[in-house]
Amino acid sequence: IEKTRVLRGEKINPGSFGRVQAMRKSAIYAALCKEGVYVESIDGACISPLAKIGAGSFIGNGAHISGKCRIGKNCRILGASRISRSDIGDGTSVISGVITDSVIGKNVSVGPFAYVRPGSSVGDNVKVGDFVEIKNSVIGSGTKISHLTYVGDSDVGGGVNFGCGTVTVNYDGIKKHRTVIGDYAFIGCNTNLVAPVEVGENAFIAAGSTITDRIPPKSFAIARQRQTTKENYVAEKMPDMIKK
């Protein structure tokens, strides 16, 4: 009511709108406490009145939960986390992560500093570690994406291991393409998966590979040039590079 009066240009007590906001926040806080949710402090978190949060969950200072969210039981939302219009399963932990328009399963670890973009579905017992970005992808249960990895427009099976620095190369400058990865595939560090491409179940990719062709199930793929070492080259051709 007070906000409407402000928009109409009517004069109101300068402190009244702030008091209304404080009352609204207190009501949300009281309702959550009644449901068995622990909020670290009433002024430290921003929680939408449309959010449904299960008993035993902890909402820390700095968390921002907006829109129609559902957060399950015994979850931990910590740090500067931002969750918007998403569904979070029981027992999931989010530490300074951003989740938007996505579904996260049970007992998932997100963050710190992970970004789950719209259209994503993450299964149970998945690790989405630091500086990982997921976009418009399906991630199967038990998959580990520990750090510094981009998974975009992909269908990933369960039990997959992503090495550090893996990138699904989904955009060719005109269209987006999908990557399909089977169950229990092992993807070595610093791998590029150039979509459209398929990796079979239980396949193994050597670190540093750029994959452009289908890998059959239970196969090993290595796509990198053999190392060439020229002994004493620096001493002979680039002596100024040698530090005394």
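Residues numbered from 1 in each chain as written. Predicted model: local features only at pLDDT ≥ 70, side-chain atom pairs only at ≥ 80, totals over all residues. Heavy atoms only, no water.

A. Local environment of the nonpolar core. Counting residues in hydrophobic clusters, the biggest one holds 46 residues, and the most contacted among them are Ile47, Ile59 and Ile181. When contributions to this core are tallied by element, the ones reaching two or more residues are helix H2 (16–34), strand E16 (127–135), strand E18 (144–152) and strand E25 (197–199). The element that contributes the greatest number of residues to this core is E16, accounting for three residues. If sequence neighbours within four positions are ignored, Ile181 has contacts with Asp155, Val156, Gly157, Val160, Phe162, Ile187, Leu193 and Val199. (Core = buried A, V, L, I, M, F, W, Y, C linked by side-chain atoms within 4.5 Å. Buried < 20%, exposed > 50% of the residue type's maximum accessible area, 1.4 Å probe, protein only. Helix = DSSP H or I, 4+ residues; strand = E, 2+ residues; numbered from the N terminus. Contact = heavy atoms within 4.5 Å.)

B. Representation of the sheet that holds strand E12 (residues 103–104) in the model. Taken together, the nine strands give an open sheet; going across it, the order is E3-E6-E9-E12-E15-E17-E19-E22-E25, and neighbouring strands pair in parallel fashion. The open sheet terminates on both sides in strands that have one partner only, identified here as strand E3 (52–53) and E25. (Pairing = 2+ DSSP bridges.)

C. How the structure looks around the pattern of salt bridges. Using the criterion set out here, one finds six salt bridges in the structure. Where Asp87 meets Arg70, a salt bridge forms, and the shortest distance between an N and an O atom there is 2.9 Å. In this pair, Asp87 is assigned in strand E9 (residues 87–88) and Arg70 in strand E6 (residues 70–71), connecting sequence segments 17 residues apart. On the accessibility criterion, Asp87 (27% relative accessible area) is partly exposed. Arg70 sits in the partly exposed class, given a relative accessible area of 37%. (Salt bridge = Lys/Arg side-chain N within 4 Å of Asp/Glu carboxyl O.)

D. Seen up close, the side chain of Ser57. With respect to the element layout, Ser57 can be found in the loop between E3 and strand E4 (58–59). Note on Ser57: relative accessible area 1%, which makes it buried. Within the structure, Ser57 has its side chain in polar contact with the backbone nitrogen of Asn74 (distance 3.3 Å). Setting aside residues no more than four positions away along its own chain, Ser57 makes contact with Gly36, Val37, Tyr38, Ile71, Gly72, Lys73, Asn74 and Cys75. (Polar contact = N/O pair within 3.5 Å; in protein donor to acceptor, adjacent residues only side chain to side chain.)

E. Local environment of a nonpolar patch on the surface. Where nonpolar side chains cluster on the molecular surface, the patch consists of Tyr233, Val234, Met238, Met241 and Ile242 and spans about 450 Å² of accessible area. Structurally, Met238 is set in the segment after helix H3 (233–237). (Patch = residues over 30% accessible without salt bridge, like charges linked within 9 Å, V, L, I, M, F, W, Y side chains within 5 Å. Areas by Shrake-Rupley, 256 points an atom, 1.4 Å probe, with all protein chains shown as cover.)

F. Region of the structure containing unusual backbone geometry. Here the residue pair Gly111 and Pro112 is connected by a cis peptide bond, since its omega of 5° sits within 30 degrees of zero. With an omega of 0°, the peptide bond between Ala195 and Pro196 qualifies as cis. Checked against the element boundaries, Pro196 lands in the loop between strand E24 (192–194) and E25. Backbone geometry at Asn136 places phi at a positive 50°, although glycine is not the residue there.

G. Quick look at the environment of Glu133. Mapped onto the secondary structure, Glu133 falls in strand E16. By relative accessible area, Glu133 is classed as partly exposed at 24%. In this structure, the C-alpha to C-alpha distance between Glu133 and Ile145, residues 12 residues apart in sequence, is 9.5 Å. Each residue touching Glu133, except ones within four places of it in the same chain, is listed here: Tyr115, Arg117, Thr149, Tyr150 and Val151. A distance of 2.6 Å separates a polar atom in the side chain of Glu133 from a polar atom in the side chain of Arg117.

Geometric descriptors of this kind do not, in isolation, establish any biological role.
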